[in-house]
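# An overview of the molecular structure
Here are the chains, one letter per residue:
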Amino acid sequence: TYLASSVKEFVGAMQHGLQLQVLLDDGTSLPATASIDKRLTSLMLSVRNWNVVGASGEGFVGDVSRSVPFSAVDGVSSGHNNIVAMADDFIDERCATLLLGDGGQFLTFR
């Protein structure tokens, strides 16, 4: 069916990686790569040349990668229907937000 072939194409593209922007709390956007693991259990995010501050307080530029298990995603909202606090300030119709866990954490993409 059309839906099945569309999902298969999307999953294949996501396994290779998709370039997008991660939107931070202050409205700053960072170029990132998002991909899905082969078992389709986690979303992996990689941000290159991120200004990292170490435990000692010293900064350096490096690459940061994080894995977000799909089991940790409590919901998804999109565009202006977004339910996170910063929605009115920075989120537009091109955005999607993953709501993570009970701690009020979220991850917004553009």
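Residues numbered from 1 in each chain as written. Predicted model: local features only at pLDDT ≥ 70, side-chain atom pairs only at ≥ 80, totals over all residues. Heavy atoms only, no water.

## With respect to the side chain of Ser-42
- Among the secondary structure elements, Ser-42 is positioned in strand E3 (residues 42-53).
- Beyond its immediate chain neighbours, meaning those up to four positions away, Ser-42 contacts Ser-35, Ile-36, Asp-37, Ser-67, Val-68, Pro-69 and Phe-70. (Helix = DSSP H or I, 4+ residues; strand = E, 2+ residues; numbered from the N terminus. Contact = heavy atoms within 4.5 Å.)

## Overview of the nonpolar core
- The biggest cluster of nonpolar side chains holds 15 residues, and the ones touching the most others in it are Leu-20, Val-22, Ala-34, Leu-43, Leu-98, Leu-107 and Phe-109.
- Mapped by element, the contributors of at least two residues to this core are strand E1 (18-23), strand E2 (29-36), E3, strand E6 (96-100) and strand E7 (105-109).
- When residues of this core are assigned to their parent elements, the largest contribution, four residues, is made by E2.
- Once residues lying within four places of it in the same chain are set aside, the contact partners of Leu-20 are Leu-30, Pro-31, Ala-32, Ala-34, Phe-109 and Arg-110. (Core = buried A, V, L, I, M, F, W, Y, C linked by side-chain atoms within 4.5 Å. Buried < 20%, exposed > 50% of the residue type's maximum accessible area, 1.4 Å probe, protein only.)

## Concerning the confidence of the model for the protein chain
- Mean pLDDT for the protein chain: 81, with 77% of residues reaching 70 or above.
- Taken element by element, the protein chain is modelled with least confidence in helix H2 (residues 87-90), mean pLDDT 61, and with most confidence in helix H1 (residues 2-16), mean pLDDT 91. (pLDDT = per-residue confidence, 0-100.)

## Quick look at the environment of Gln-21
- Along the polypeptide, Gln-21 turns up in strand E1.
- Each C-alpha atom of the pair Gln-21 and Thr-108 lies 8.5 Å from the other, and the pair is 87 residues apart in sequence.
- Setting aside chain neighbours within four positions, we find Gln-21 in contact with Ser-29, Leu-30, Pro-31, Thr-108, Phe-109 and Arg-110.
- A distance of 3.2 Å separates a polar atom in the side chain of Gln-21 from a polar atom in the side chain of Ser-29. (Polar contact = N/O pair within 3.5 Å; in protein donor to acceptor, adjacent residues only side chain to side chain.)

## Here we look at the pairing of E1
- Taken together, the six bridges between E1 and E2 define a ladder with antiparallel strand orientation. Note on E2: the bridge partner recorded for Leu-23 is Ser-29.
- Hairpin connection of E1 to E2: five residues between the antiparallel strands, including Gly-27 at a positive phi of 95°.
- Relative to E7, E1 is paired through two bridges, and the arrangement is antiparallel. Within the sheet, the bridge partner assigned to Val-22 lies in E7 and is Phe-109. (Pairing = 2+ DSSP bridges.)

## Overview of the environment of Val-76
- With respect to the helices, strands and loops of the structure, Val-76 is situated in strand E5 (residues 73-78).
- Remark: the alpha-carbon pair of Val-76 and Phe-106, spanning 30 residues in sequence, is separated by 9.4 Å.
- Other than its neighbours up to four places away in sequence, Val-76 contacts Thr-97 and Leu-98.

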